[in-house]
Amino acid sequence: MLAGMRLLATDLDGTLVFHHAVGQADAEALVRWREAGNLLVMNTGRSISALRSALDGFDVDYDYAVLYTGAVLTDGRAGIIEARTLPDGLIEEVLDVLGREERITIFATTLDGDLQLHDTLGSGTDLLTLFRRGTTADLAGRAVVGIPLHLGDAAATDRIEAEV
């Protein structure tokens, strides 16, 4: 059954997605790839909801997705095959330690949505608007798979590494 089948794994941002959209020619090529009986894997640091947003409006189906920079594997319907989640309480520790930074935004990515938990930058880029504002109370019963940070300056990285 797999004889002759090929697999294409592709990144999204800066590979397929430019200016917040997949180009029509790329979308058509991906459709042809799958119609030829080949597998298509989306491989991205994005979350499930951010992947859906990137592909919204394009008739592009995929077979699997590797999300959150490898923490989650889904099928083509966003059904979770495997997920590596972070330990309970880690997000609170991160907020406690890094929430004192003057210029930082702290996010939580979960299997069913993305939250912006702390913001002293006034973050508002198009990508970041995929995250709805929330609190740790909104995380009750939800597995956290990532804690993305948006730092206001390069020196913050050095300060954070020295503190943790």
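Up top is the structure these notes are about.
Colleague: What exactly am I supposed to notice about the overall build of the chain here?
Modeller: Along its length, the chain carries 4 helices and 12 strands. Relative to its full complement of 164 residues, the chain shows a buried share of 36%. Carbon and sulfur atoms make up 52% of the accessible area of the chain, which totals about 9400 Å². If the 13 positive side-chain charges of the chain are averaged to one point and the 26 negative ones to another, these points end up 3 Å apart.

Colleague: What am I meant to see in the layout of surface pockets here?
Modeller: Which parts of space are left empty comes out when a probe the size of a water molecule is rolled across the atoms. Approximately 160 Å³ is the volume attributed to the second largest pocket. In terms of lining residues, the second largest pocket is bounded by 13 residues, among which Pro87, Asp88, Gly89, Arg142 and Val144 are the most central. Its residues placed into classes, the lining of the second largest pocket shows 8 nonpolar, 2 polar and 3 charged.

Colleague: I'm lost on the nonpolar core in this one. Help?
Modeller: When a protein is soluble and globular, its nonpolar side chains tend to lie buried together. Residues Leu12, Leu40, Met42, Leu51, Tyr62, Leu67 and Tyr68 are the most contacted members of the largest nonpolar core, which totals 22 residues. Every element with two or more residues in this core is listed here: helix H1 (24-35), strand E4 (39-43), helix H2 (48-55) and strand E5 (64-67). Per-element tally for this core: the top contributor is H2, with 4 residues. Those residues in contact with Met42 that sit more than four places away from it in its chain are Thr10, Leu12, Leu16, Leu30, Leu51, Leu55, Val60, Tyr62, Tyr64, Ala65 and Val66. The next biggest cluster of nonpolar side chains, apart from the first, holds 12 residues, and it includes Leu98, Ile106, Leu139 and Val144.

Colleague: Where do I start with the pattern of salt bridges in this structure?
Modeller: When the charged atoms of two side chains lie near each other, side chains of opposite charge can form a pair. Scanning the model with the defined rule gives 6 salt bridges in all. As a salt-bridge pair, Arg34 and Asp63 come within 2.9 Å of each other at their nearest N and O atoms. Residue Arg34 is located in helix H1, and its partner Asp63 is located in the loop between H2 and E5; the two are separated by 29 residues in the primary sequence. We classify Arg34 as partly exposed; its relative accessible area is 28%.

Colleague: Which parts of the structure should I look at to understand the sheet that holds strand E7 (residues 80-83)?
Modeller: Within a beta sheet, neighbouring strands are joined by backbone hydrogen bonds and run either parallel or antiparallel to one another. Taken together, the 5 strands give an open sheet; going across it, the order is E1-E4-E5-E6-E7, and neighbouring strands pair in mixed fashion. The sheet terminates laterally at strand E1 (7-10) and E7, the two strands that pair on one side only. The average undirected angle you get between the axes of adjacent strands in this sheet is 15°. For E5 and strand E6 (residues 72-75), the ladder comprises 4 bridges, and the chain directions are antiparallel. Considered in E6, the bridge of Tyr64 is made with Asp75.

The rules behind these values
Residues numbered from 1 in each chain as written. Predicted model: local features only at pLDDT ≥ 70, side-chain atom pairs only at ≥ 80, totals over all residues. Heavy atoms only, no water. Helix = DSSP H or I, 4+ residues; strand = E, 2+ residues; numbered from the N terminus. Buried < 20%, exposed > 50% of the residue type's maximum accessible area, 1.4 Å probe, protein only. Areas by Shrake-Rupley, 256 points an atom, 1.4 Å probe, with all protein chains shown as cover. Lys, Arg positive; Asp, Glu negative; His and termini not counted. Charge placed at Lys NZ, Arg CZ, Asp CG, Glu CD. 1 Å grid on protein atoms, 1.4 Å probe; cavity = no way out; pocket = protein on both sides within 12 Å on 5 of 7 lines; lining within 4 Å. Points joined across faces, edges and corners; volume = space filled by probe spheres on them. Nonpolar A, V, L, I, M, F, W, Y, C, P; charged D, E, K, R; others polar. Core = buried A, V, L, I, M, F, W, Y, C linked by side-chain atoms within 4.5 Å. Contact = heavy atoms within 4.5 Å. Salt bridge = Lys/Arg side-chain N within 4 Å of Asp/Glu carboxyl O. Pairing = 2+ DSSP bridges. Axes fitted to C-alpha atoms, helices over the stretch in contact; angles between N-to-C directions.

By themselves, these observations are geometric and do not establish any function.
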